[in-house]
Amino acid sequence: MFKLLSSAVVSLLLSLGLLPTTSEQTEALAVTTTTVATHNTLHGQATFKPLADVIGWQEVDTSEGHTKLGALESYDHFRPGENRLDARNSIAISWRRNKFEKTGDGSRLTHGGEAEVTPARFVNWVVLKHKETGAKLAFVNTHYISGAWNGEHPERQERWRTHNAAVLEVVADLRGRGLPVVLVGDFNRPLSQDIPGMNHLRTAGVDGVPIDQIYVREGIGTGPAERLEKYGSDHFAHTATVAY
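Residues numbered from 1 in each chain as written. Predicted model: local features only at pLDDT ≥ 70, side-chain atom pairs only at ≥ 80, totals over all residues. Heavy atoms only, no water.

J.: Got a sec to walk through the overall build of the protein? Specific residues and values, please.
T.: Per the secondary structure count, the protein includes 4 helices and 12 strands. Here the protein, with 244 residues, has 44% of them falling under the buried criterion. Taking all contacts inside the protein whose residues are at least 6 apart in sequence as the whole, residues at least 24 apart take part in 52%. Working note: accessible area of the protein is about 12,100 Å², and carbon and sulfur atoms make up 50% of it. (Helix = DSSP H or I, 4+ residues; strand = E, 2+ residues; numbered from the N terminus. Buried < 20%, exposed > 50% of the residue type's maximum accessible area, 1.4 Å probe, protein only. Contact = heavy atoms within 4.5 Å. Areas by Shrake-Rupley, 256 points an atom, 1.4 Å probe, with all protein chains shown as cover.)

J.: Quick rundown of the pattern of salt bridges? Include the residues and the values.
T.: Within the structure shown, the criterion is met by 8 salt bridges. Arg108 is paired through a salt bridge with Glu169; the nearest N and O atoms lie 2.7 Å apart. Highlighted residues: Arg108 in strand β5 (residues 100-111) and Glu169 in helix α4 (residues 157-176), separated in sequence by 61 residues. The exposure class of Arg108 is partly exposed, given its relative accessible area of 31%. Judged by relative accessible area, Glu169 falls into the partly exposed class, the value being 46%. When salt bridges that share partners are traced, they join Asp53, Arg96 and Lys99 into one network. (Salt bridge = Lys/Arg side-chain N within 4 Å of Asp/Glu carboxyl O.)

J.: Hey, could you go over unusual backbone geometry for me, with residue numbers and the actual values?
T.: One can expect most non-glycine residues to show negative phi and most peptide bonds to be in trans. The backbone of Leu42 shows a phi angle near 55 degrees, a positive value even though the residue is not glycine. With respect to the helices and strands, the residue Leu42 is situated in the loop between β1 (33-40) and β2 (54-58). Looking at Leu42, the relative accessible area reads 19%, which means it is buried. You will see that Tyr231, though not glycine, has its phi angle at about 55 degrees, which is positive.

J.: Talk me through the sheet that holds strand β10 (residues 212-217); I want residue IDs and the actual numbers.
T.: Strand order across the open sheet formed by 6 strands is β5-β6-β7-β8-β10-β9, with mixed pairing between neighbours. If you trace the sheet from one side to the other, it starts and ends with β5 and β9 (198-200), each paired once. Averaged over all adjacent pairs, the angle separating strand axes in this sheet is 20 degrees, with direction ignored. Relative to β10, β9 runs antiparallel, the two sharing 3 bridges. The residue bridging His200 from the neighbouring strand is Tyr215, located in β10. Along the sheet, α4 contacts β5, β6 (121-130), β7 (136-143), β8 (181-186), β9 and β10; its crossing angle with β5, the most-contacted strand, is approximately 150 degrees. (Pairing = 2+ DSSP bridges. Axes fitted to C-alpha atoms, helices over the stretch in contact; angles between N-to-C directions.)

J.: How would you explain the packing of aromatic side chains if you had to name every residue and give the values?
T.: Across all of its chains, the model carries 5 aromatic pairs by this definition. Aromatic pair Trp149 and Trp160: ring centres 5.7 Å apart, planes at 90 degrees, arrangement edge-to-face. Of the two residues, Trp149 sits in the loop between β7 and α4 while Trp160 sits in helix α4, which places them 11 residues apart along the sequence. By way of ring pairs, the aromatic residues Tyr144, Trp149, Trp160, Phe187 and Tyr215 are connected into one cluster. Note that Arg189 overlies the ring of Trp149, its terminal NZ or CZ placed 3.5 Å from the centroid. Over the aromatic face of Phe236 sits the side chain of Lys230, whose NZ or CZ is 4.9 Å from the ring centroid. (Phe/Tyr/Trp six-rings, centres within 6.5 Å; stacked < 30°, edge-to-face > 60°. Lys NZ or Arg CZ within 6 Å of the ring centre and 35° of its normal.)

J.: Go over the pairing of β7 with me, naming the residues and quoting the values.
T.: For β7, the tally of buried residues reaches 7 of 8 residues, placing the bulk of the element in the interior. Relative to β7, β6 runs antiparallel, the two being bridged by 7 bridges. The residue bridging Val126 from the neighbouring strand is Phe139, located in β7. Adjacent in sequence and paired antiparallel, β6 and β7 are bridged by 5 residues, among which Gly134 carries a positive phi angle near 80 degrees. Bridging between β7 and β8 involves 6 bridges; their strand directions are parallel.

J.: Outline the nonpolar core, listing residues and values.
T.: With 21 residues, the main nonpolar core has Val36, Val54, Trp95, Phe139, Val182 and Ile214 as its most contacted residues. Mapped onto this core, the elements with two or more residues apiece are β4 (93-96), β6, β7, β8, β10 and β12 (238-243). Apart from residues lying up to four places away in sequence, Val36 is in contact with Ala52, Val54, Phe139, Val182, Ile214, His238, Thr239, Ala240 and Val242. Val127, Val170, Val181 and Leu183 belong to the second-largest nonpolar core, a separate cluster that totals 20 residues. (Core = buried A, V, L, I, M, F, W, Y, C linked by side-chain atoms within 4.5 Å.)

The structure is reproduced here in structure tokens:
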């Protein structure tokens, strides 16, 4: 009798909208697991591999590189520049189209270019909605100026810091929207950065910090990053798993 009364009460509460439905409970408990990766492609000379569910590329700044990227099966891409070789397209972002739909994006200039020194630099990002769970993920990709911290070009450090400030602002804005955030890129500095609300993922089996780095919002990383092969580049690819 008590069980019948309890069931009746539960049914009444559900009908009044005071308790979540079974489907709502299941959705609330669902966890989305996503693999992410970063790879500097050596001006498109590398082989473009399906490294993860979401990938941030650097140095896709040649026709060869964009042709290879376009041939990567099962992926959609964010290349915001109007022309194929626009500098902002060199940090393209790719995601598996069967798993995600893009619900937002952006691209921000961090500093201008200078002949024989650096191209214009950018930070790109997308917001991806998981088609099965409905969970959203903000994925940020960037590539800092080279040579600022190797002892050869200290005059480039100002540009590096300007770039870094822009990256921090983009990450803070995405975090402020309540989104889980992943930041990847070629930081051209072998030092993990202090980014509020974000954790740097160390690379398993690697001493120190490589210049290719992955950061995740606090609470969504599931372990260290993994160093993969170079696949024809002069940089190793890196991957990690996040749950949100």
